[in-house]
Amino acid sequence: MDIRSVLESYKRGELTADDAERMLRLDYLDSIGGDVIFDRARQLRKGIPEVVYAASKTPETVARIASSVDSLTIVSKAGKAHLDAVRAAVPDATILEDCGIAVVGRMPSPDRGRIGIVAAGTSDIPIATEAKVMAEAMGVECITAYDIGVAGMHRLVGPMRRMLEEDVDAIVAVAGMEGALPTVISSLSPVPVIGVPVSTGYGAGGDGVAALLSMLQSCSPGLTVVNIDNGIGAGATAALISVSGRRR
């Protein structure tokens, strides 16, 4: 729920003045179980829903958080045990096992902006899906194109034409191996490109270091880079670019 939604709910009598004030406070934090401080005002403040990083938490902790929230929340980097625990605690949660994500709460309508998301290979799709889920949770429509890496440059032409014709405001480019795709996309694109290095490949490429360094050394202006496997951060940044640009 954004600020306008809170105000409209209060106007309709669906929220008390105290509830509306609490939701609009920038320091609205809540304790869950005594060991988790949940930032309930993040979506109001930034337009970004709360994200629970599951990898360093026990399945029980993740499930406890998921069952305690009353706003849209994304669980990321979750293993099977985490997802099973969330599914048991919140039966109506959306579970995306292939990319280790659970979505708790109702997703907004995709009417606040539009971005493109491309992935170099099928191994990069789980991270691309992270970016897609995050952007959609912020009300942004996503146009996707997967398996269009530089090993077959001709595959880029159609998807790029479509995204530019559809007037995307930013493009997330996800790639492992040598990480060349974001530079190529940036060289063809008039909108900002966010590169996401992925931990797929051989040797140094296998943990994403080669892709990260390649993207950081890009000579194409307009390309910025997030950390290895950070689809969440890329999706949020692209969505913010789109939403803020369309406000004007």
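This write-up is about the structure you can find in this document. (Residues numbered from 1 in each chain as written. Predicted model: local features only at pLDDT ≥ 70, side-chain atom pairs only at ≥ 80, totals over all residues. Heavy atoms only, no water.)

**Regarding the overall build of the protein**
Along its length, the protein carries 10 helices and 11 strands. For the protein, buried positions account for 48% of its 248 residues. Put simply, the protein shows about 12,000 Å² of open surface, and 53% of that area lies on carbon and sulfur atoms. (Helix = DSSP H or I, 4+ residues; strand = E, 2+ residues; numbered from the N terminus. Buried < 20%, exposed > 50% of the residue type's maximum accessible area, 1.4 Å probe, protein only. Areas by Shrake-Rupley, 256 points an atom, 1.4 Å probe, with all protein chains shown as cover.)

**Points about the sheet that holds strand 3 (residues 50–53)**
In space, the 4 strands of this open sheet follow the order 3-4-6-5, with mixed pairing throughout. The open sheet has two edge strands with one neighbour each: strand 3 and strand 5 (94–96). Between one strand axis and the next, the sheet turns through 15 degrees on average, direction left out of account. Strand direction decides the pairing type here: strand 3 and strand 4 (residues 73–76), joined by 4 bridges, are parallel. Bridge pairing in strand 4 places tyrosine 53 opposite serine 76. (Pairing = 2+ DSSP bridges. Axes fitted to C-alpha atoms, helices over the stretch in contact; angles between N-to-C directions.)

**Focus: the packing of helix 6 (residues 125–137) against helix 10 (residues 231–247)**
Interaxial distance between helix 6 and helix 10 falls to 7 Å at its minimum, and their mutual angle equals 40 degrees. It follows from the interaxial angle that helix 6 and helix 10 lie oblique. Both helix 6 and helix 10 take part in a crossing whose hand is right-handed. Across from Ile127, Glu130, Ala131, Met134 and Ala135 in helix 6, the residues of helix 10 making contact are Gly231, Ile232, Gly235, Ala236 and Ala239. Taken together, the residues of the contact of helix 6 with helix 10 sort by class into 7 nonpolar, 2 polar and 1 charged. (Parallel < 35°, antiparallel > 145°, perpendicular 65-115°, else oblique. Left-handed = near helix turned anticlockwise from the far one by under 90°. Contact = heavy atoms within 4.5 Å. Nonpolar A, V, L, I, M, F, W, Y, C, P; charged D, E, K, R; others polar.)

**Quick look at helix 8 (residues 181–188)**
Within helix 8, burial applies to Leu181, Pro182, Val184, Ile185 and Ser186. Tucked inside the fold, the buried residues of helix 8 contact strand 7 (113–119), helix 7 (157–165), strand 9 (171–175), strand 10 (193–197), helix 9 (209–216) and strand 11 (223–225).

**What to know about the side chain of threonine 129**
Position of threonine 129 relative to the elements: it lies in helix 6. Take threonine 129: its relative accessible area is 19%, and that puts it in the buried class. If we ignore the near neighbours within four places in the chain, the residues touching threonine 129 are Leu96, Cys99 and Tyr146.

**Topic: the pairing of strand 3**
What you see with strand 3 is a clean split: Glu50 and Val52 sit on the buried side and Val51 and Tyr53 on the side with no burial. Handedness of the β-α-β unit built from strand 3, helix 4 (residues 59–68) and strand 4 comes out right-handed. (Right-handed = clockwise from strand over helix to strand, strands pointing away.)

**A closer look at a nonpolar patch on the surface**
Where nonpolar side chains cluster on the molecular surface, the patch consists of Val209, Leu213 and Leu216 and spans about 260 Å² of accessible area. Note on placement: leucine 213 falls in helix 9. What makes leucine 213 partly exposed here is its relative accessible area of 48%. (Patch = residues over 30% accessible without salt bridge, like charges linked within 9 Å, V, L, I, M, F, W, Y side chains within 5 Å. Salt bridge = Lys/Arg side-chain N within 4 Å of Asp/Glu carboxyl O.)

**A look at unusual backbone geometry**
Unlike most non-glycine residues, aspartate 147 shows phi in positive territory, near 60 degrees. Mapped onto the elements of the fold, aspartate 147 is located in the loop between strand 8 (140–146) and helix 7. Taking the relative accessible area as the measure of exposure, aspartate 147 reaches 35% and is therefore partly exposed. Non-glycine residue methionine 177 carries a positive phi angle of around 50 degrees.

**Some points on the nonpolar core**
Core analysis: the largest hydrophobic core is formed by 32 residues, its most contacted members being Ile74, Ile115, Ile117, Met134, Val172, Val174 and Val196. For this core, the secondary-structure elements that each account for two or more residues are strand 6 (101–104), strand 7, helix 6, strand 8, strand 9, strand 10 and helix 10. With 7 residues, the top contributor of residues to this core is helix 6. Those residues in contact with valine 174 that sit more than four places away from it in its chain are Val118, Ala119, Ala120, Asp124, Ile127, Ala128, Leu181, Val196 and Val198. Grouped together as the second largest cluster of nonpolar side chains are 20 residues, Ala145, Met163, Val191 and Leu223 included. (Core = buried A, V, L, I, M, F, W, Y, C linked by side-chain atoms within 4.5 Å.)

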